[in-house]
Amino acid sequence: RYWYRLYNLMMQVAVRAKDDSLRHPYLERAVDEARQSGDLERDAGLRFDYAHYVQKDYATAARAKREQIKFQPGPWSMNLYAWYCFEHRVCLAEAEEVAREGAAMDGPPAHLAMITDTLAELVHLRGETAEALELIERCIELDPANDYYRRQETRFREILGQ
C-alpha cells in the first residue's frame, strides 16, 4: 500500500498546485499495486480517480462514483454522483433517478437544495425547463438565503420567456 499512500499525498499536492498531471505517475503505480494485491475492485475511489484523471473515461468513472454512494447513501453523496454525470454528460438517466431519490430523502435543507438543483439541471438538459423551474422554486424554499438558486430561477424563466 506504499504507492497508494504516496498517491494520496500527491493528490493533495496536485489539487493545491492545480495541476492534475502531478498525480498521474503515482496514481498509475497505486492502481498497479492495488491490482496485484486484489484490492482494486474494492477501492471505488481509486478506480474513479484512475478512470477520470488518467483514462479520461468518464462513464467508467461515473460507475465507480456510483459505487461510493453505497458506503454513504444520502443527498450529499448522491449529488456528487448526479452532478458528475451532468458535468460529463454520462449516465444521465441513472443520474436523474439518483437525484430524484436523493431529493426525496430527509436531510439538511442545504443538501436537499443542492441535489434538487442538480435534478433541475438534468431535467432542463432533456428539455423539461418548466419542471426545472418548479424544482428551482423548491430549492429557494429549502435554502432561501442562497442567491444562486434565485439566479437559476431567473435563468429558467428567461429560457421559458417569462
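Here, the structure is the one placed above.
The notes below deal with the structure included here. (Residues numbered from 1 in each chain as written. Predicted model: local features only at pLDDT ≥ 70, side-chain atom pairs only at ≥ 80, totals over all residues. Heavy atoms only, no water.)

### Topic: the packing of aromatic side chains
Next up, step 1: In total, this model carries 3 aromatic pairs according to the counting rule given.
Next up, step 2: Between Trp83 and Phe86, the aromatic rings sit 4.8 Å apart at their centres with planes inclined by 40 degrees, giving tilted as the arrangement. In this pair, Trp83 and Phe86 are both assigned in helix 5 (residues 75–88), 3 residues apart and thus about one turn of the helix distant.
Next up, step 3: The exposure class of Trp83 is partly exposed, given its relative accessible area of 27%.
Next up, step 4: Summarising the aromatic geometry, the rings of Tyr148 and Tyr149 are spaced 5.6 Å apart at their centres and angled 70 degrees between planes, so their arrangement reads as edge-to-face.
Next up, step 5: Judged by relative accessible area, which is 3%, Tyr149 ranks as buried.
Next up, step 6: In this structure, Lys65 is placed above the aromatic ring of Phe48, and the distance from its NZ or CZ to the ring centre is 4.3 Å.
Next up, step 7: Stacked on the ring of Phe86, the Lys or Arg Arg89 has its end atom at 4.5 Å from the ring centre. (Phe/Tyr/Trp six-rings, centres within 6.5 Å; stacked < 30°, edge-to-face > 60°. Helix = DSSP H or I, 4+ residues; strand = E, 2+ residues; numbered from the N terminus. Buried < 20%, exposed > 50% of the residue type's maximum accessible area, 1.4 Å probe, protein only. Lys NZ or Arg CZ within 6 Å of the ring centre and 35° of its normal.)

### Brief notes about the pattern of salt bridges
Next up, step 1: Within this structure, the stated rule accounts for 13 salt bridges.
Next up, step 2: Notably, a salt bridge pairs Arg100 with Glu96, separated by 2.9 Å at the nearest N-O pair. One end of the pair, Arg100, and the other, Glu96, are both in helix 6 (residues 92–103), 4 residues apart, so they sit about a helical turn from each other.
Next up, step 3: Overall, the relative accessible area of 33% leaves Arg100 in the partly exposed class.
Next up, step 4: On the basis of relative accessible area, Glu96 is assigned to the buried category, the value being 12%. (Salt bridge = Lys/Arg side-chain N within 4 Å of Asp/Glu carboxyl O.)

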